[in-house]
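# Survey of secondary and tertiary structure
These are the residues of each chain, in order.
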Number of protein chains: 2
Amino acid sequence: MATVCLSGTLEDKLAAAAGAGFDGVEVFEPDLVASPWAPAELAARCADLGLGIDLYQPFRDLDSTDPATAARNLRRARAKFDVMADLGVDTVLVCSAVAPDAVRDDDELTAQLSAAADLAAERGMRIAYEALAWGSHVSTWDHSWRVVQAADHPALGLCLDSFHVLSRGGDPAGFAAVPGEKLFFLQLADAPRLDMDVLQWSRHHRLFPGQGAFDLPAFLGHVLAAGYPGPLSLEVFNDVFRQSDPARTAVDAMRSLLALEAALPVDPLVLPPAPALHGYAFTELAVDGTSGPALADVLGRLGFAHTGQHRSKPVQLWEQGAARVLLNAGAPRTAEGGAAVAAVAVESADPTAAAARAEALLAPVLPRSRGAAEAELSAVAAPDGTQVFLARTGPDGWPADFLPTGGTAAGAGLTGTDHVALTQPYDSYDEAGLFYRSVLGLADGGGSEVAAPFGLVRSRGVTTPDRAVRLVLSASVLRRGDWSPAVPDPQHVAFATDDLVATARALRAAGAPLLAVPANYHDDLAARVDLDPQLLADLREHGLLHDTDAGGSFLHLYTEVLAGRVFFEVVQRLSGYDGYGAVNTPVRMAAHRRARQATGAGTPSTRSR
Amino acid sequence: MATVCLSGTLEDKLAAAAGAGFDGVEVFEPDLVASPWAPAELAARCADLGLGIDLYQPFRDLDSTDPATAARNLRRARAKFDVMADLGVDTVLVCSAVAPDAVRDDDELTAQLSAAADLAAERGMRIAYEALAWGSHVSTWDHSWRVVQAADHPALGLCLDSFHVLSRGGDPAGFAAVPGEKLFFLQLADAPRLDMDVLQWSRHHRLFPGQGAFDLPAFLGHVLAAGYPGPLSLEVFNDVFRQSDPARTAVDAMRSLLALEAALPVDPLVLPPAPALHGYAFTELAVDGTSGPALADVLGRLGFAHTGQHRSKPVQLWEQGAARVLLNAGAPRTAEGGAAVAAVAVESADPTAAAARAEALLAPVLPRSRGAAEAELSAVAAPDGTQVFLARTGPDGWPADFLPTGGTAAGAGLTGTDHVALTQPYDSYDEAGLFYRSVLGLADGGGSEVAAPFGLVRSRGVTTPDRAVRLVLSASVLRRGDWSPAVPDPQHVAFATDDLVATARALRAAGAPLLAVPANYHDDLAARVDLDPQLLADLREHGLLHDTDAGGSFLHLYTEVLAGRVFFEVVQRLSGYDGYGAVNTPVRMAAHRRARQATGAGTPSTRSR
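Since the model is a prediction, treat every value here as computed from it, not as a measurement. (Residues numbered from 1 in each chain as written. Chains lettered and ligands numbered in written order. Predicted model: local features only at pLDDT ≥ 70, side-chain atom pairs only at ≥ 80, totals over all residues. Heavy atoms only, no water.)

### A short note on the packing of aromatic side chains
Residue and element names in this part refer to chain B. This is how it is decided: Paired rings are identified among Phe, Tyr and Trp, the last through its six-membered ring, by centres lying within 6.5 Å, and are further divided according to the angle between planes into stacked (under 30 degrees), edge-to-face (over 60) and tilted (the rest). Runs of E in the DSSP output that reach at least two residues are strands. Runs of H or I that reach at least four are helices, and both are numbered from the N terminus. Burial classes: relative accessible area under 20% of the type maximum marks a residue as buried, over 50% as exposed, and values in between as partly exposed (1.4 Å probe, protein chains only).
According to the stated counting rule, one finds 32 aromatic pairs over all chains in the structure shown. Ring geometry for Phe-175 against Phe-219: centres 5.3 Å apart, planes inclined by 85 degrees, an arrangement best described as edge-to-face. Pair noted here: Phe-175 is in the loop between α7 (162-167) and β6 (183-188) and Phe-219 is in helix α9 (residues 216-225), with a separation of 44 residues, a long-range link. According to the relative accessible area criterion, Phe-175 is buried, its value standing at 0%.

### Description of the pairing of strand β19 (residues 470-476) of chain A
All names here are of chain A. As a reminder, the rule being used: The criterion for strand pairing is that DSSP finds at least two bridges linking the strands in question.
In terms of burial, β19 is a largely internal element, 7 of the 7 residues being buried. Judged by which residues are buried, β19 turns out to be covered on both faces: Arg-470, Val-472, Ser-474 and Ser-476 on one side and Leu-471, Leu-473 and Ala-475 on the other are all buried. Strand direction decides the pairing type here: strand β16 (residues 414-423) and β19, joined by 4 bridges, are parallel. Its bridge partner lying in β19, Thr-423 is registered against Ser-474. Here 7 bridges tie strand β18 (residues 455-463) to β19, and the two strands are oriented antiparallel to one another. Across the sheet, residue Val-457 finds its bridge partner in β19, namely Ser-476.

### Notes on the sheet that holds strand β16 (residues 414-423) of chain B
Residues and elements named next belong to chain B. Note the threshold: The convention used is that axes are lines fitted to C-alpha atoms, helices contributing only their stretch in contact, and that angles between N-to-C directions extend from 0 to 180 degrees. The contact rule is simple, with two residues in contact once any of their heavy atoms fall within 4.5 Å.
The 8 strands lie next to each other as β17-β18-β19-β16-β20-β23-β22-β21, forming an open sheet whose pairing is mixed. The open sheet has two edge strands, β17 (443-452) and β21 (545-548), and neither has a second partner. On average, each strand axis in the sheet is inclined to that of its neighbour by 25 degrees, with strand direction left out of account. Alignment of β17 against strand β18 (residues 455-463), held across 8 bridges, turns out to be antiparallel. Among the inter-strand pairings, Ala-451 is bridged to a residue of β18, identified as Leu-456. Where helix α13 (residues 429-440) meets the sheet, it contacts β16, β17, β18 and β19 (470-476), and its direction lies at approximately 170 degrees from that of β19.

### Looking at the side chain of Thr-307 of chain A
Residues and elements named next belong to chain A. Applicable threshold: Two N or O atoms count as a polar contact when they lie within 3.5 Å, although within protein this holds only if one can serve as hydrogen donor and the other as acceptor, and sequence-adjacent residues are included solely when both atoms are side-chain atoms.
Among the secondary structure elements, Thr-307 is positioned in strand β9 (residues 305-310). Thr-307 sits in the buried class, given a relative accessible area of 17%. A polar contact of 2.8 Å, which involves the side chain of Thr-307, links it to the side chain of Glu-319. Apart from the residues lying within four places of it in its own chain, the contact partners of Thr-307 are Leu-317, Glu-319, Leu-403, Pro-404, Thr-405, Gly-406 and Gly-407.

### Here's the deal with the environment of Arg-311 of chain B
Mapped onto the secondary structure, Arg-311 of chain B falls in the loop between β9 (305-310) and β10 (315-320). Exposure remark for Arg-311 of chain B: the relative accessible area of 43% places this residue in the partly exposed category.

### Looking at the domain arrangement of chain A
Residue and element names in this part refer to chain A. Convention followed: Just so you know, the domain bounds were taken from an automatic or database domain assignment. Take the accessible area each of two parts loses on contact, using a 1.4 Å probe, and add the two losses: that sum is the buried area. Think of a salt bridge as a Lys or Arg side-chain nitrogen and an Asp or Glu carboxyl oxygen that are within 4 Å of each other. Each residue receives one of three labels: charged for Asp, Glu, Lys and Arg, nonpolar for Ala, Val, Leu, Ile, Met, Phe, Trp, Tyr, Cys and Pro, and polar for the others, Gly being one of them.
Each assigned domain of chain A is listed here: domain 1 (3-262) and domain 2 (277-599). Its C-alpha centre places domain 1 at a distance of 44 Å from the equivalent point of domain 2. With 16 residues of domain 1 in contact, the opposing surface of domain 2 contributes 16 residues. The junction of domain 1 with domain 2 conceals about 1300 Å² of combined surface from both sides, 55% of it contributed by carbon and sulfur atoms. If you look at where domain 1 meets domain 2, you find 1 salt bridge. Here Arg-248 makes a salt bridge to Glu-431, at a shortest N to O gap of 3.2 Å. Inspection of the domain 1/domain 2 interface yields 8 residue pairs in polar contact (both at pLDDT 80 or more). Class assignment for the residues of the side of domain 1 that touches domain 2 results in 8 nonpolar, 5 polar and 3 charged.

### Quick look at the pattern of salt bridges
Counted by the stated rule, this structure contains 43 salt bridges over all chains. For Arg-458 of chain B, the salt bridge goes to Glu-449 of chain B, with nearest N and O atoms at 2.9 Å. Relative accessible area serves as the criterion here: at 28%, Arg-458 of chain B is assigned to the partly exposed category. Across the pair Arg-540 of chain B and Asp-523 of chain B runs a salt bridge whose closest N-O atoms are separated by 2.8 Å. Placement of the pair is Arg-540 of chain B in helix α16 (residues 533-542) and Asp-523 of chain B in helix α15 (residues 519-528), with a sequence separation of 17 residues. Taken together, the shared-partner salt bridges in this structure form one network comprising Glu-29 and Lys-80 of chain A together with Asp-524 and Arg-528 of chain B.

### What to know about the relation of the copies chain A and chain B
Short version of the rule: Only residues with pLDDT of at least 70 in both copies count here: their C-alpha atoms drive the least-squares fit that superposes the copies.
Each copy of the sequence occupies a distinct position, and chain A is placed on chain B by a rotation of 180 degrees and an axial shift of 0.0 Å, giving an RMSD of 0.0 Å. Such values leave the two copies arranged in the relation of a two-fold axis. Looking at the rotation axis and the C-alpha trace of chain A, the residue lying nearest is Met-196 of chain A, at 2.0 Å. Counting the interface residues of chain A, we find that 100% of their copies in chain B are interface residues as well, pointing to one common contact surface.

### A few points about helix α17 (residues 585-599) of chain A
For clarity, the threshold we go by: To estimate the expected span of a helix, subtract one from its residue number and multiply by 1.5 Å.
Its 15 residues place the ends of α17 of chain A 21 Å apart at the C-alpha level, agreeing with the 21 Å of an ideal helix rising 1.5 Å per residue. In terms of burial, α17 of chain A is largely enclosed, as 12 of its 15 residues are buried.

### Re the nonpolar core
Generally speaking, nonpolar side chains in soluble globular proteins are found buried as a group. The criterion, for reference: The criterion is simple. A nonpolar core is a set of buried Ala, Val, Leu, Ile, Met, Phe, Trp, Tyr and Cys residues joined through side-chain atoms within 4.5 Å.
With 352 residues, the main nonpolar core has Phe-22, Leu-42 and Tyr-436 of chain A together with Phe-22, Leu-42 and Tyr-436 of chain B as its most contacted residues. Dropping the residues within four chain positions of it, Tyr-436 of chain A is found in contact with Ala-382, Val-388, Leu-422, Gly-441, Leu-442, Val-462, Leu-471 and Leu-473 of chain A.

### Describing the packing of helix α15 (residues 519-528) of chain A against helix α4 (residues 67-87) of chain B
To keep it simple, the criterion reads: Roughly parallel means an angle under 35 degrees; roughly antiparallel, over 145; roughly perpendicular, 65 to 115; everything else is oblique.
The N-to-C vectors of α15 of chain A and α4 of chain B enclose an angle of 155 degrees; their axes lie 8 Å apart at closest approach. In terms of orientation, α15 of chain A and α4 of chain B fall into the roughly antiparallel class. In contact with Asp-524, Ala-527 and Arg-528 of chain A of α15 of chain A, α4 of chain B contributes Arg-76, Ala-79 and Lys-80 of chain B. Residues belonging to the contact of α15 of chain A with α4 of chain B are distributed by class as follows: 2 nonpolar, no polar and 4 charged.

### So, the sheet that holds strand β7 (residues 233-234) of chain A
All names here are of chain A. What the 7 strands build is an open sheet, ordered β1-β2-β3-β4-β5-β6-β7; its pairing is parallel. This sheet does not close on itself; its edge strands, each paired only once, are β1 (24-28) and β7. Relative to β7, strand β6 (residues 183-188) is paired through 2 bridges, and the arrangement is parallel. Bridging from a neighbouring strand, Leu-188 pairs with Leu-234 of β7.

In structure tokens:
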């Protein structure tokens, strides 16, 4: 773990890295410079925490065409070797120079690096030379390798950094040409694909492996195949991680590293495999004395029946087809009051094995109080606090916890749960994506960014391969319109139907609180899309929304925000449509705001500007 | 004002634009689509608010090489002309196409645009054609002009957008070749210089005129010289504005527009001129029963004397040389409790004229309750709530409000106030910069971004030309380490000395609470910079920090955070150093955190993750 990944002082960072189970750190010079610990004291503190110091990073711009500058840089190197001796670290990172006076001649560069390597060797130390993607002369890993090869100095080797290699389109297959003992160090970082200056991309937008677009398992495979014997170090410059709780970031980082190793052709860790998931068992809503009856009323109008009562807890089971909702009046109160998604339960044939994988990936496994007749149910906590249950719906599964009420309902055509959408704090958006992909083995379904009325909203789906489980994670970039008290961070459960028009008709007849869609929306839709006139008339009549993707089309409707931050959606997928109607999000948000302003709902924001 | 600049629903946006004094809007289609108001009703609401609708923006990708698509686009155009007729707007924006099927042949493009212009003309409407900087075929304003010229259609003219022109390095001097009546519309936006994909730059980082790097007065001058007769419209896509209070953003926008007009060679508004400022009169700290005596004690140890007591308010005047601090026990309590900078007072020969300018630029002018013998003092509120006083220090000025106490002190060599540094909420960082530049006529001294221990911190100085008044505004990008309760958003007052080593010696002798600087800092400094050995020894002995810039060097020291969020700095500028030692900010922040952890100070954060 490079200390630069984490927020706080050096003391904070070391405690976080050790707490997450890292066994070594790269110390960034600015962290040491700001620390009251002398280098030898730092080494002792690290040892107490079980942390080795694997690398020191003091150097920028070692080589120079100006002889006086080059000489001064060597003097600086000597001073830093003194620091390293006190730290007990033998490897120093030297990045390719970026200054205007960087050496542009390979022979001269080789000579200057060799001179520095001589100094290092005198101290029993060695230099790991790294090509920065924006280096003035050396900017690709193979160029850095040519220089190291030419120097042929035992104290000069390579540092490979996945960002610098992959951001420039470098081919890691070429590592095979490098003897393993010349690979002195390895830094791993992922990143989203961004079309911007590579330095800014690197300094602000790196991510932990598995959170971005790079193929880190392949990269690491090539490095290991070349015989690299050293540590895997994460070096991630990220604006969010720089200001987030370092203990939490370090756990996210370690989970990323464990998942990366598990994705290698030969998993050195032998994690329990990702569980096969067979769909949603249920979604559990935490309710209180006011929101419980209100949501029960709405579920009734949506065609659900109250079919079961938990044997030992104040929990109601509501069902329609394979769509199931629990109303839990005994869950801890949410901060917002009202109602919130407390848990999502996915069906797994082997909940115990799934929980073992989750635990191995540092997911907090939750204790479950279980009555005599109650079924096995594993639960882990997701980054946003939502409980994820792994459960079986069969006769010996979780339904056995409920005593049948005998309740029935005509239904409104809902067949199951299509997806659950959970708003994430922005700081844990990438963490949440990695959590669901690694712990539950879900696949990234791609992301989108929408200019919503109260600010940009980023979202991405994570799904099982067969789409039986779909989860949508979203987050407000910056903040979410906290000037408006009527705008909570929403959560919703989307149910599936095979005939949304018929379902909508039934819901309206039952007085369900459906969200009104402006006529302007359908006027625009008619101008944009060639729709069957009858379908367009039905969409207008029932206030349905529409989207298309490459494969198919999508019809959907929303309820108003019902209590706290919860609302429902009903969707119909046609011809394999695979999205979530994100294009209609602004229309939904504006309508939600109007509906809540009209009812005076919405708790005032407590955040000051 | 384009509705896309503002956060909220269309209703929110119109109220905000009208409230800030705009007389017209550009309606973005997504705002209308999400609105429950039919177009005619929207027109009526706008009229009620005193807003014209100057432009409608429905079109992307009008032209197409696919005849079927091109025909469908014309049908879509007809539908939108119906909407425009109901809106009562006669100008529609058509951007150059960005789709893969965009027409690549100028003759064909001219023909398709002329066909659309025919349709518009039938309705008494007209098309303003704009080159998007990332258009597939047309991406420069002069190319768009060639196409419009070739079409020679009375219903087809140009829309000029400063971002699209200036981001591509276009020369606005060329507008002189365009007859004024072919300039159908003008959109103004500023932006910082960013090395990134121009589309992302445009969609996320635009700013109001005067907040970025473009020369908008020159641009606008060329447009007006060409005879453009229409409105000046702001079209600013900005991630922060999208989620900030629209009423506030609209005022910021109007201030920007007023300042832009005032910067034209002939100011059509005739704003009162920016005041000549002659330095700091004083800085006023709001204190309570605990922090008041604590700060008084520290000021005493810093060599200040309590020289005056306000005639009618519980305010103490402390002085040393020209450095003056007021401790005000009667100011409104700050949210943090403890202490905070309540006001900065700058010297102006004509406070009344300065206040008139501030008022003309929509700065809230604050009422002052004044006793019989009290001096004239104008006050305006800055975006972060800090009061800015414009005051005279002469015998007839503000000091007359204070009864001398006879207090004296030996002093510690402080000669005056060098700068005041105020942390801004991130959402109002650009607003604050524009406020000080336009209202007080300060100049932008350049910005910096520092990777501080608790997240990225952006800062910029604003100064008078002679540097008599220096103000430093800073903001945490995203949030500022709210996981750490010991880290408040700080504010500080920096005093000047001509001999920092002597001052430091005096302060230590007096027991001033100086911030400890780690030995590692000076070890690194010795390795980095060739310093005189005696100076280095002095820096080590007294815990002084050091920086250099192109011109000179800088010595400075800090106190601990004293109460609430306030601390002090003492600086010595050598050979015209013009910065603020930003490179040492991380060291200072880490030391502040340690000092506050050691004393258990710092209020717990109330924000949850």
